[in-house]
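Residue-level listing of the chains:
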Amino acid sequence: MFIPQNTQRFSLMDIDTDRQSGFLNTLLAGERSLASNMVADFIREGVSVDDIYEQLLKSSLYKIGVLWETGRIGVATEHLASAIVQAIMNDLYPTIAATRKQPKTVVLACVENEQHQVGIKMVSDVFELAGWTTHFLGAGLPTDDLVRFMNSVRPQVLALSMALSFNWPTLEKMLQTIRRIFPSLPILVGGQAFGKGGQERLLAFSNVTYLSDLYTLKALLTNPASFINANVH
Amino acid sequence: MPMSTNQNTDFCIFWQMEMQLMLHISPSIYLAEFSTDGRLLHTNASMYEWLGASPLKSLLNPTFEQLLDMTAPLSNPVYNGFLTIGDAQGTFISLQALVFRKDERLLIVGGMDAKQLADHNTRLSHLNAEISNLQRQLIREKVTLEATYQQLNQVNASLKESNATKDKFLSIMAHDLRSPLTALMGLSEVLMENSDQYSREEMNTFIRLINEAAVKTYRLLDDLLVWSRSQMGKMPFNPGSMKLDQLCHEVIEVLNQTAATKRITFDVKVAEDTLVFADEAMIKTVLRNLVSNAIKFSWSDSVVTIFSEQGPSDAMLTVGLADKGVGMTEEAMTKLWSLSELLSTKGTNNEEGTGLGLLICKEFVEKQGGRIWVDSRQGEGSTFCFTVPMA
Ligand code: B12
């Protein structure tokens, strides 16, 4: 069994800080097409989708979180930025959707009540780039609906995202319900809530793994010895 | 918690300076005072930005005239509701506003309902997330559709190809087999009915013609069989290493008789130790077809040269057959390799062919990992080359 430890760097190219802050400024100004063009330039330069997600989109959104925390921007700007980021992800999506698929299926969702869906969308794209058929269910899906959906598509993996620490009890309830119906299904979890401690609470569940970012996920998906791949025929 | 009137008065007096400052600098408070004859008497910074050069015209709804018509009991607002200000052609905003009137003066106090804005913002952002997810679904479905469309095109192309194969098969059956068989029937009928009327010599001629027609029919059937088997992927393929010059001589041996009728000779410039890695039956079929073509299109008394040289890569050998004969036009060269353009040209001695020979060569050369091409000049001759892996 292979589980990647902490955040190793698997990236080939780093996006420099000047261009990172240039991108952040276009986001804050709400310049959607300018931001799209900047990302298109990175793609032309050969920067990979996961590097763009990690080093450009995610890092900008985290900085926006800090700006919000320190009172320099409001929720509306946060909304605008995440809308632009999702529009950019859709710009990139045709290529991602066109990757050849193997018979492996993953269902991805946010923990109930969670509105932060950008991270898990990125996770979905990394799965898709690795040849998985993805069912991205997004934010705000009740557990009952999730279970019903999983019964119909029978995934090899379930991926859940949680950004808000106060959603821990919800996550635990969800995991209990899912484990009752899918006793051995591998479950991956991630999101900012886990970075704030409490990971030991996952030990109560079998085969639930926390991953910190897209690089560790990619390592897991490309390693044939990982437990995920071992379960796929 | 809302304040009582007393507290309120105290509060306003205590904070009077700060309140005044606030009213003038806050971006969320909009203040304007007009005289009833339409002069702008006073504004704060945020309102000034929207009223611009023609303040009266910037009151879009209700208009200044409408506000003047409104009346209310003393110290009550004449208007309480949304006030839209700005440039009707450009941008405008709707303020939550109160308008008061005292004597000949109108006071407009407006602002944004932050709660409503935030609420709308949240709803719009959820809507956007939903639409963005939906857009992904659509993108995905579009990608799938495009892939399906491409597959359909491919299937369509291969259906066309196999349809052309079938058509060709039928047309060969209909035309090419018909003429030698008609000859066979006619000649044998003549012999059957009037055999006693012909001299021995005449009889010999008939018998020779019958034999020629039979051989031709047989060759045609043989080509058809080989070709249709290769089309169906049923040809066995067992490559091994073998001597090229030996293969050439074996093929020439079989065709020497035919070559002799036009006094054509062969010059084989292949080194004795040249080894190729090929399927024996296939490479022999290729060589036989190319040699018999060369004989067919060569002038009498000419030489057909067979040569080989290393290249285009380290592992490949180029084998060539050069003849001195009729050659062909550019146009004819492009049509040589396609089934739909299939053409059979008569040789220098009116020899006929099936038009299938070169197609079979192409199939077999490619099956062995090589390529085949021709270089030709009308009236001078042709050189056919193909590549084959070296052993
Ligand atoms: C945009 C944003 C929003 C948007 C979300 C829009 C949308 N459709 O997604 C809106 C405005 C709706 C929002 C609302 C709120 N937010 Co908010 N938001 C953010 C912000 C700025 C960016 C989030 C984001 O997209 N990040 C980028 C993604 C790519 O990062 P990520 O989620 O961490 O994902 C990465 C990894 O964690 C990992 N990962 C994530 N999930 C998974 C799952 C698996 C299986 C795996 C393998 C990996 C993985 O992969 C990703 C790539 O590396 C963050 C700031 C921040 N630091 O992130 C705050 C933040 C997340 N929000 C916060 C808060 C408090 C709120 C609100 C409660 C209050 C508010 N700000 O309005 C509400 C709660 C709403 C709700 N019920 O969910 C806090 C959370 C604190 C905490 N941990 O508890 C943050 C951190 C801001 C802060 N600094 O305090 N928010």
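Predicted, not measured: the structure shown is a model, and the values here were computed from it.

Cut-off values and rules
- Residues numbered from 1 in each chain as written.
- Chains lettered and ligands numbered in written order.
- Predicted model: local features only at pLDDT ≥ 70, side-chain atom pairs only at ≥ 80, totals over all residues.
- Heavy atoms only, no water.
- Helix = DSSP H or I, 4+ residues; strand = E, 2+ residues; numbered from the N terminus.
- Buried < 20%, exposed > 50% of the residue type's maximum accessible area, 1.4 Å probe, protein only.
- Contact = heavy atoms within 4.5 Å.
- Pairing = 2+ DSSP bridges.
- Expected span 1.5 Å × (residues − 1).
- Salt bridge = Lys/Arg side-chain N within 4 Å of Asp/Glu carboxyl O.
- Near = heavy atom within 4 Å.
- Polar contact = N/O pair within 3.5 Å; in protein donor to acceptor, adjacent residues only side chain to side chain.
- Patch = residues over 30% accessible without salt bridge, like charges linked within 9 Å, V, L, I, M, F, W, Y side chains within 5 Å.
- Areas by Shrake-Rupley, 256 points an atom, 1.4 Å probe, with all protein chains shown as cover.
- Core = buried A, V, L, I, M, F, W, Y, C linked by side-chain atoms within 4.5 Å.
- Domains from an automatic or database assignment.
- Phe/Tyr/Trp six-rings, centres within 6.5 Å; stacked < 30°, edge-to-face > 60°.
- Donors = N, O, S within 2.8 Å, 3.2 Å for Na, K, Ca; no water.
- pLDDT = per-residue confidence, 0-100.
- Axes fitted to C-alpha atoms, helices over the stretch in contact; angles between N-to-C directions.

(A) Quick peek at the overall build of chain A. The number of helices and strands found in chain A is ten helices and five strands. Expressed as a percentage of the 233 residues in chain A, the buried residues total 49%. Excluding contacts between residues fewer than 6 apart, the proportion of contacts in chain A whose partners are at least 24 apart in sequence is 75%.

(B) Structural detail: the pairing of strand E11 (residues 316-322) of chain B. Residue and element names in this part refer to chain B. Counting buried residues in E11 gives seven out of seven residues, a clear majority hidden from the surface. Burial along E11 is two-sided: Met316, Thr318, Gly320 and Ala322 and Leu317, Val319 and Leu321, pointing in opposite directions, are all buried. When strand E10 (residues 303-310) meets E11, the two strands line up antiparallel, connected through six bridges. Pairing of Gln310 across the sheet is with Leu317, part of E11. Once E10 ends, the chain turns through five residues before running back antiparallel as E11, passing Gly311 with a positive phi of about 125°.

(C) Up close: helix H10 (residues 280-297) of chain B. Look at H10 of chain B: 26 Å from first C-alpha to last across 18 residues, which is about the 26 Å you get at 1.5 Å a residue. Burial analysis of H10 of chain B places 14 of its 18 residues in the buried class, which makes it a mostly covered element.

(D) Looking closely at the pattern of salt bridges. The full count for this structure, using the stated rule, is 20 salt bridges over all chains. Residue Glu212 of chain B is joined to Arg208 of chain B by a salt bridge in which the shortest nitrogen-to-oxygen separation is 3.3 Å. A residue pair is termed a helical-turn pair when its members lie 3 or 4 positions apart in one helix, as Glu212 of chain B and Arg208 of chain B do in helix H8 (residues 200-231) at four residues. The class of Glu212 of chain B is partly exposed, set by a relative accessible area of 45%. The network of salt bridges with shared partners includes Lys101 and Glu128 of chain A together with Arg140 of chain B.

(E) Representation of the site of the ligand within the structure. Residue and element names in this part refer to chain A. Near the ligand there are 37 residues, and of these Glu54, Tyr62, His116, Ser161 and Gln192 occur at the shortest range. The separation between an oxygen atom of the ligand and a polar main-chain atom of Gln117 is 2.9 Å. In the model, a nitrogen atom of the ligand is placed 3.2 Å from a nitrogen or oxygen of the Lys196 side chain. Tallying contributions element by element places helix H3 (residues 49-69) first for the shell around the ligand, with seven residues.

(F) Inspection of a nonpolar patch on the surface at higher detail. Residues and elements named next belong to chain B. A cluster of nonpolar side chains, Phe14, Trp15 and Met19, forms an exposed patch at the surface whose accessible area comes to about 330 Å². Tracing the backbone through its elements, the reader meets Met19 in helix H2 (residues 16-25). Judged by its relative accessible area of 33%, Met19 falls in the partly exposed class.

(G) Layout of the nonpolar core. By size, the foremost hydrophobic cluster in this structure holds 48 residues, and its most contacted members are Tyr53, Phe127 and Leu188 of chain A. Among the domains, domain 1 (17-97) and domain 2 (105-228) of chain A are the pair contributing at least three residues each to this core. Excluding anything up to four places from it in sequence, Phe127 of chain A contacts Val106, Leu108, Trp132, Thr134, Val157, Ala159, Leu188, Leu217 and Leu221 of chain A. One finds Trp227, Phe266, Leu287 and Ala294 of chain B within the second-largest nonpolar core, a separate group that totals 46 residues.

(H) Local environment of the packing of aromatic side chains. Under the criterion given, the structure shown has six aromatic pairs over all chains. Ring centres 5.1 Å apart and planes at 80° place the aromatic pair Phe127 of chain A and Trp132 of chain A in the edge-to-face group.

(I) Region of the structure containing the coordination of the cobalt atom of the ligand. Within the protein, just one atom coordinates the cobalt atom of the ligand: His116 of chain A (NE2), at a distance of 2.2 Å. By secondary structure assignment, the location of His116 of chain A is in the loop between strand E1 (105-110) and helix H5 (118-129).

(J) Broad picture of the confidence of the model for chain A. Confidence along chain A averages 90 in pLDDT terms, with 93% of residues attaining 70 or more. Every residue in residues 1-10 of chain A is under pLDDT 50, and counting partners more than four places away or in other chains gives 26 contacts.

(K) Seen up close, the sheet that holds strand E5 (residues 92-102) of chain B. All names here are of chain B. Spatial strand order, E2-E1-E6-E5-E4-E3: six strands in an open sheet with antiparallel pairing. Each edge of the open sheet carries a strand with a single partner, namely strand E2 (40-43) and strand E3 (59-61). Strand after strand, the sheet turns through a mean of 35° between neighbouring axes, direction not considered. As paired strands, strand E4 (residues 79-86) and E5 are joined by eight bridges and run antiparallel to one another. Pairing of Tyr79 across the sheet is with Val99, part of E5.

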